[in-house]
Amino acid sequence: VVEESIVDGPGLRYVLFTQGCPHACRGCHNPETHSLFGGRLVSVSSVLAAVEKNPLLAGVTFSGGEPFLQPEPLCALARGVHALGGTVVVYTGYTLEQLRELADPPSRRLLLAADLLVDGPYVEALRDLNLPFRGSSNQRLLGPGEIRSALAGEPAPV
């Protein structure tokens, strides 16, 4: 957990790093999150309580690891964040097209809960420190309209 970040989405954000990642991107800045074992369990209510205590927060960011390995509790957390008036940013090593193909309801709900999705694996050869909220130029910033369009079968922007 990072309680205040300005680099993981718009505004001041509470960042939750999930444990477990199948991508293991070369050069990842969170390699300790790759194993499915480790980390610590936190409840949705404890995260919401921490978020509610800080009126300066714009919202919560789900990073990784890979958030789509834990979509159900993150959906519950996203509902709570929205109820508090905050936004939800989700980072994933999957592309939106890959997530659409997974087609499981919890992942679909998490996609629909995202106010901003940063998709695609980190590619060390495409590293660009000038990009807002991304580490490599292949990653996209996708808003709710783009996510909904892609889920309806339309291609997402490149």
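Residues numbered from 1 in each chain as written. Predicted model: local features only at pLDDT ≥ 70, side-chain atom pairs only at ≥ 80, totals over all residues. Heavy atoms only, no water.

J.: Looking at this structure, how should I read the pattern of salt bridges?
T.: Should their charged atoms come close, side chains of opposite charge can pair. Inspection of every chain in the model, using the stated rule, returns 4 salt bridges. Measuring nitrogen to oxygen at the nearest pair gives 2.9 Å for the salt bridge that ties Arg 26 to Glu 124. Of this pair, Arg 26 sits in the loop between strand S2 (13-17) and helix H1 (44-53) while Glu 124 sits in the loop between strand S5 (116-119) and strand S6 (140-142), placing them 98 residues apart in sequence. Exposure remark for Arg 26: the relative accessible area of 68% places this residue in the exposed category. (Salt bridge = Lys/Arg side-chain N within 4 Å of Asp/Glu carboxyl O. Helix = DSSP H or I, 4+ residues; strand = E, 2+ residues; numbered from the N terminus. Buried < 20%, exposed > 50% of the residue type's maximum accessible area, 1.4 Å probe, protein only.)

J.: Just checking my understanding: could you explain the environment of Glu 66 for this structure?
T.: As for its placement among the helices and strands, Glu 66 is situated in the loop between strand S3 (59-63) and helix H2 (71-83). Each C-alpha atom, one on Glu 66 and one on Val 123, is 15 Å from the other, the two residues being 57 residues apart in sequence. Setting aside anything within four residues of it in sequence, one finds Glu 66 in contact with Thr 18, Gly 20, Cys 21, Pro 22, His 23, Tyr 91, Thr 92, Gly 93 and Tyr 94. A polar atom in the side chain of Glu 66 sits 2.8 Å from the side chain of Thr 92. (Contact = heavy atoms within 4.5 Å. Polar contact = N/O pair within 3.5 Å; in protein donor to acceptor, adjacent residues only side chain to side chain.)

J.: Help me out: how do you make sense of unusual backbone geometry in this one?
T.: For residues besides glycine, phi is generally negative; the peptide bonds are generally trans as well. Between Gly 64 and Gly 65 the backbone carries a cis peptide bond, its omega angle lying at 5°. Its location among the elements puts Gly 65 in the loop between S3 and H2. One non-glycine residue, Ala 24, lies in the positive phi region at around 45°. Inspection of the secondary structure puts Ala 24 in the loop between S2 and H1. Look at Ala 24 and you get partly exposed, because its relative accessible area is 46%. Even without a glycine there, the phi angle at Phe 133 is positive, about 65°. Mapped onto the elements, Phe 133 comes out in the loop between S5 and S6. Under the relative-accessibility criterion, Phe 133 is labelled partly exposed at 25%.

J.: How should the side chain of Thr 33 be read in this particular structure?
T.: For Thr 33, the position within the fold is in the loop between S2 and H1. Take Thr 33: its relative accessible area is 5%, and that puts it in the buried class. Separated by 3.4 Å, the side chain of Thr 33 and the backbone oxygen of Gly 64 make a polar contact. Setting aside its immediate chain neighbours within four residues, Thr 33 contacts Thr 18, Gln 19, Gly 20, Cys 21, Gly 64 and Gly 65.

What is shown is where atoms sit, not what they do.
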